[in-house]
Amino acid sequence: MSDLLSVSDLRITFKSGQESTEAVKGINFKIQEGKTVAIVGESGSGKSVSCLALARLLPPPSVCGVSGDINFQGKEVLKMDRAELRKLRGRGIAYIFQEPSASLNPVFTVGYQIAEAIKLHASNKNDPRGRGVELLEMVGIRDAAKRYDAYPHEMSGGMQQRVMIAMALACEPKLLIADEPTTALDVTIQAQIIELLKSLRERLGMTILLITHNFGIVKGFADEVMVMYRGQIVERGPVDTVISDPQHPYTKALIGCIPRLGVKQRRLVTIDTAMLEAAENAAPQEQNG
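Report on the accompanying structure.

## Examining the overall build of the protein chain
Across its full length, the protein chain holds eleven helices and eleven strands. Within the protein chain, the proportion of its 289 residues that are buried is 48%. Counted over contacts in the protein chain with a minimum sequence separation of 6, partners at least 24 positions apart contribute 68%. Counting every atom, the protein chain has about 14800 Å² of accessible surface; 48% of that belongs to carbon and sulfur.

## Quick look at the packing of helix α5 (residues 128-138) against helix α7 (residues 157-170)
Across the interface, α5 lies against α7 with an axial gap of 9 Å and an inter-helix angle of 125°. Here α7 runs oblique to α5, going by the angle between their axes. For the crossing formed where α5 meets α7, the hand is right-handed. The residues of α7 that touch α5, namely those facing Arg131, Leu135, Leu136 and Met138, are Val163, Ala166, Leu169 and Ala170. Of the residues in the contact of α5 with α7, the class split is seven nonpolar, no polar and one charged.

## Considering the pattern of salt bridges
As enumerated under the stated definition, the model contains six salt bridges in all. Salt-bridge contacts for Arg11 lead to Asp9; the nearest nitrogen and oxygen are separated by 3.1 Å. You can call Arg11 partly exposed: its relative accessible area is 32%. For Asp9, a relative accessible area of 35% corresponds to the partly exposed category. For the salt bridge of Glu22 with Arg11, the shortest nitrogen-to-oxygen distance reads 3.1 Å. Within this pair, whereas Glu22 is found in strand β2 (residues 19-32), its partner Arg11 is found in strand β1 (residues 3-16), the two being separated by eleven residues in sequence. Among the ionic contacts, a cluster of salt bridges with common partners joins Asp9, Arg11 and Glu22.

## Focus: the packing of α7 against helix α8 (residues 187-204)
One can describe the packing of α7 onto α8 by two numbers: an axis separation of 10 Å at closest approach and a directional angle of 20°. Between α7 and α8, the angle is such that the two are roughly parallel. Judged by the twist between their axes, the crossing of α7 over α8 is right-handed. Contacts between α7 and α8 involve Gly158, Gln161, Arg162, Ile165 and Leu169 from the first element and Ile189, Gln192, Ile193, Leu196, Leu197, Leu200 and Leu204 from the second. Of the residues assigned to the contact of α7 with α8, the class counts are eight nonpolar, three polar and one charged.

## Digging into unusual backbone geometry
Within the chain, Gln73 stands out as a residue other than glycine whose phi angle is a positive 50°. Within the element layout of this structure, Gln73 appears in the loop between β4 (64-72) and β5 (75-76). The backbone phi angle of Glu180 is positive, close to 45°, even though this residue is not glycine. With respect to the secondary-structure elements, Glu180 resides in the loop between β7 (175-179) and α8.

## With respect to the nonpolar core
Ranked by size, the top nonpolar core spans 58 residues in total, and within it Ile114, Val163, Ile165 and Phe215 carry the most contacts. Looking at which element gives the most residues to this core, the answer is α7, with nine residues. Apart from the residues within four sequence positions on either side, Ile114 is in contact with Gly132, Leu135, Leu136, Val163, Ala166, Met167 and Ala170.

## Overview of the pairing of β2
Of the strand pairs in this sheet, β1 and β2 are connected by eleven bridges, and their pairing is antiparallel. The partner of Lys15 across the bridge, within β2, is Ser20. Once β1 ends, the chain turns through two residues before running back antiparallel as β2, passing Gly17 with a positive phi of about 65°.

The rules we used
Residues numbered from 1 in each chain as written. Predicted model: local features only at pLDDT ≥ 70, side-chain atom pairs only at ≥ 80, totals over all residues. Heavy atoms only, no water. Helix = DSSP H or I, 4+ residues; strand = E, 2+ residues; numbered from the N terminus. Buried < 20%, exposed > 50% of the residue type's maximum accessible area, 1.4 Å probe, protein only. Contact = heavy atoms within 4.5 Å. Areas by Shrake-Rupley, 256 points an atom, 1.4 Å probe, with all protein chains shown as cover. Axes fitted to C-alpha atoms, helices over the stretch in contact; angles between N-to-C directions. Parallel < 35°, antiparallel > 145°, perpendicular 65-115°, else oblique. Left-handed = near helix turned anticlockwise from the far one by under 90°. Nonpolar A, V, L, I, M, F, W, Y, C, P; charged D, E, K, R; others polar. Salt bridge = Lys/Arg side-chain N within 4 Å of Asp/Glu carboxyl O. Core = buried A, V, L, I, M, F, W, Y, C linked by side-chain atoms within 4.5 Å. Pairing = 2+ DSSP bridges.

Listed below in structure tokens is the structure:
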């Protein structure tokens, strides 16, 4: 199976006046076509900015410096011109973000916004309304033809997230990046969205990169997992192997936060900062299996 995406020595630095902060510190990873990979870590670990860099969606170089190699389908992303980037964004890489209410435009119907994605990126543009209704049905929205003409505020958070998934699928992407797609939803709807992504992956053969802070939704969904801490990938490997036998203390602490039926804990596992600082300069852990 060939590599759809290959990232080498990716570094991201944010600049403010004379000061600069390195948010991502030379990470390396590959994603094979048809695989589902999860990046797990707490807020501020560098997950989202790393994934935004894949389609060059970060602020301009005067504010945010990006270096390294990002190779997507054999092409170097950091060297692409504007025309190539327009093709990459949507048709190559599409995103689902964690706040659908902030991503959808409140003054346009959801159908209009899906149709715009179809016109810009889809290979079949002859019937945008028909395709839009089909996509809404695909993501499990009832009365899709009626909902096509609805405004975002007329929908629940879970339905809005389904619309965002429909918009991403309208672009027919090679890689779908789901950035904390269930964070703003209640537990029941979270499970529904994850099941929807699983069924779409199986039906369409999609490659998915999932960004999350929650190890609980990774098992049974992703093939591989990468754990990020302070801008570095500190552990990676097959999901079952990493969860059953974590090597890095940060990974162990994250897994220890997963609630378990029948197990009472008075408080969450404390992340031992001293242990993490001692392990921070060690080489990233890679597990095979």
